[in-house]
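Tertiary structure, described
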Amino acid sequence: MKLIVKWLLSAAALLLVAYIYSGVVVSSFTSALIAAAVLGALNTVLRPVLVLLTLPVTLVTLGLFLFVINALMFWAAASLIGGLQVTGFFAALVGSLIYSVLQLAIDAFLERLFSQ
């Protein structure tokens, strides 16, 4: 149940990112659902490998390179899905930052909801 609620809230967060920032466009809620699933899969499978491979750069930049990795994941998801469009790397960076903040809020909400 928690996974389905998180998936739905993540899709709503993508729609909110598109509403807040004009560099990200989501065509429909169905596209947002698919994009949320793809983003989750990319962040689960590919992101740890990229973090490990870029560890020296991440250490030199004091962790700021992780923002670049998040933007690349966001941009990759947009290139895989027709209903999610990102206008460029800077738009992917801003969109991924907004999406990350919303994901933190979703995680905190779900923790409070399902801990009782």
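The structure we're discussing is the one just above.
The paragraphs below set out a description of the structure included in this document. Being a predicted model, the structure only gives us computed values, none of them experimental.

1. Considerations on the packing of helix α1 (residues 2-20) against helix α2 (residues 29-53)
With their axes 8 Å apart at the nearest point, α1 and α2 run at an angle of 110 degrees to one another. Taken as axis vectors, α1 and α2 run roughly perpendicular relative to one another. For the pair α1 and α2, the crossing hand works out as right-handed. Note on element contacts: α2 touches α1 through Phe29, Ala32, Leu33, Ala35, Ala36, Ala37 and Leu39, opposite Trp7, Leu8, Ser10, Ala11, Ala12, Leu14 and Leu15. For the contact of α1 with α2, a count of residues per class yields 13 nonpolar, 1 polar and no charged.

2. Notes on the packing of α1 against helix α5 (residues 89-114)
Where α1 meets α5, the axes come as close as 9 Å, and the angle between the chain directions of the two elements is 145 degrees. Crossing angle aside, the handedness with which α1 passes α5 is right-handed. For the pair α1 and α5, the contacting residues are Lys2, Val5, Lys6, Leu9, Ser10, Ala13, Leu14, Leu16, Val17 and Ile20 in the first and Gly95, Ile98, Tyr99, Leu102, Gln103, Ile106, Asp107, Phe109, Leu110, Glu111 and Phe114 in the second. Of the residues assigned to the contact of α1 with α5, the class counts are 14 nonpolar, 3 polar and 4 charged.

Reading guide: rules and limits
Residues numbered from 1 in each chain as written. Predicted model: local features only at pLDDT ≥ 70, side-chain atom pairs only at ≥ 80, totals over all residues. Heavy atoms only, no water. Axes fitted to C-alpha atoms, helices over the stretch in contact; angles between N-to-C directions. Helix = DSSP H or I, 4+ residues; strand = E, 2+ residues; numbered from the N terminus. Parallel < 35°, antiparallel > 145°, perpendicular 65-115°, else oblique. Left-handed = near helix turned anticlockwise from the far one by under 90°. Contact = heavy atoms within 4.5 Å. Nonpolar A, V, L, I, M, F, W, Y, C, P; charged D, E, K, R; others polar.

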